[in-house]
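The chain contents come next:
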Amino acid sequence: MNKKLMYPFTAIVGQEKMKEALILNIINPSLGGVLIRGEKGTAKSTLVRGLANLLEDRLESNCEFNCNPEKVDEFCEECLEKYRNSECIETHIGKMKVINLPISATEDRVVGTLDIEHAIKTGEKRFEKGILANANRNILYVDEINLLDDHIVDVLLDSAAMGVNTIEREGISFSHPAKFILVGTMNPEEGDLRPQLLDRFGLVVDVIGEKDSLKRVEVIKRRLKFEANPQEFIKEYEEEEKKLREKIEEAKKRLKFIQCSDEIYETIAKISIELGVDGHRADMSIIKTAITLAAFEGETEVKKENILKAAMLCLPHRMRRTPFDDGILEESKISKLIEEM
């Protein structure tokens, strides 16, 4: 679909938790992405694709990996060579994009390929980039992520952990930066996600269809209106999209100035211990998310309300589950813990 005819993000009725999780990852890409679990027809894919209109312009290198000219440690080989030789690194104004990874994609299509014959003949590496190259500094979107082949999942795990994609063929290797925001959607009825990949997501949101009849009517009306005249419908939400875009940019600037007390750190640690969460990844996710929430809400310091929201996004998929556990974390339980602490 043409980007200009994408259904506006702000036109989605309800699903506030899903919207917030996506926005938080745009403000702070280090959160680790988001997994959206829910039944069919709950606007999962529509919301993710609508993110494109909320992304501001940024500075990019003229290389094929969209390197950040301001971060030498994340340069590709081409940009790094120019930097070492004190050559000018050409730049342009670009924009973060939503890169789609089809579940039918082959490994070569995902990681890219090396031309072995060219390397043997000339001694030069020739790399044909794949989806992970396009995904660098962008949003990597995988619809029905639970249906991905295991070997593709392994590739995603490696790249997500290291921020680098490495291809090795016949003793020849090539690496390039692959730092991306991983956004996955899935319908739990079609199968679970591998625990190793599930744990890589910073945030998880479970969504259901609207139960309020008035909201469901509004969903129908807006969709029909969009299909009848998409240009006019998009125009109606231009101002809302602009306001949200500006709010996101302000939050990005505010992020590094958010204060967080030792009491907040201790509260988060105690919550993880009380709920029997394994490892320390959950603690880090909660504090990063709470800080990002504070920035988005215009605060100067992390408050207990931020911890509550963050815990509800970061903990459900990391808690130990019994055979008959539905994996749903009750907000009242977290709220009570915070109050007691």
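Refer to the structure printed above.
Residues numbered from 1 in each chain as written. Predicted model: local features only at pLDDT ≥ 70, side-chain atom pairs only at ≥ 80, totals over all residues. Heavy atoms only, no water.

Caption draft 1: Just a negative patch on the surface, in detail. On the surface, Glu-238, Glu-239, Glu-240 and Glu-246 cluster together into a negatively charged patch. Structurally, the position occupied by Glu-239 is in helix H11 (residues 238–254). (Patch = residues over 30% accessible without salt bridge, like charges linked within 9 Å, V, L, I, M, F, W, Y side chains within 5 Å. Areas by Shrake-Rupley, 256 points an atom, 1.4 Å probe, with all protein chains shown as cover. Salt bridge = Lys/Arg side-chain N within 4 Å of Asp/Glu carboxyl O. Lys, Arg positive; Asp, Glu negative; His and termini not counted. Charge placed at Lys NZ, Arg CZ, Asp CG, Glu CD. Helix = DSSP H or I, 4+ residues; strand = E, 2+ residues; numbered from the N terminus.)

Caption draft 2: Looking closely at the sheet that holds strand S10 (residues 181–186). Read across the open sheet, the 5 strands follow the order S4-S7-S10-S1-S11; overall the sheet is parallel. Both edges of this open sheet fall to strand S4 (98–100) and strand S11 (203–207), since each of them pairs with a single strand only. Ignoring strand direction, the axes of neighbouring strands in this sheet form an average angle of 20 degrees. Of the pairings in the sheet, the one linking S4 to strand S7 (residues 139–143) comprises 3 bridges and is parallel in character. For Asn-100, the partnering residue across the bridge sits in S7 and is Tyr-141. (Pairing = 2+ DSSP bridges. Axes fitted to C-alpha atoms, helices over the stretch in contact; angles between N-to-C directions.)

Caption draft 3: Highlighting the pairing of S10. Summarising burial for S10: 6 of the 6 residues are buried, a large majority. Neither face of S10 is left uncovered, since the one carrying Ile-181, Val-183 and Thr-185 and the one carrying Leu-182, Gly-184 and Met-186 both have all their residues buried. Here 4 bridges tie strand S1 (residues 34–38) to S10, and the two strands are oriented parallel to one another. Bridging from a neighbouring strand, Ile-36 pairs with Thr-185 of S10. Bridge count for S7 against S10 is 5 bridges, and the pairing is parallel. From the neighbouring strand, Ile-139 faces S10, where its bridge partner is Ile-181. (Buried < 20%, exposed > 50% of the residue type's maximum accessible area, 1.4 Å probe, protein only.)

Caption draft 4: Representation of helix H7 (residues 150–162) within the structure. Between its first and last C-alpha, H7 extends 19 Å over 13 residues, near the 18 Å set by a 1.5 Å rise per residue. What H7 keeps buried is the set Ile-152, Val-153, Val-155, Leu-156, Leu-157 and Ser-159. Next to the buried residues of H7 lie helix H4 (107–111), helix H6 (131–135), S7, strand S8 (164–169) and helix H8 (195–198). (Expected span 1.5 Å × (residues − 1). Contact = heavy atoms within 4.5 Å.)

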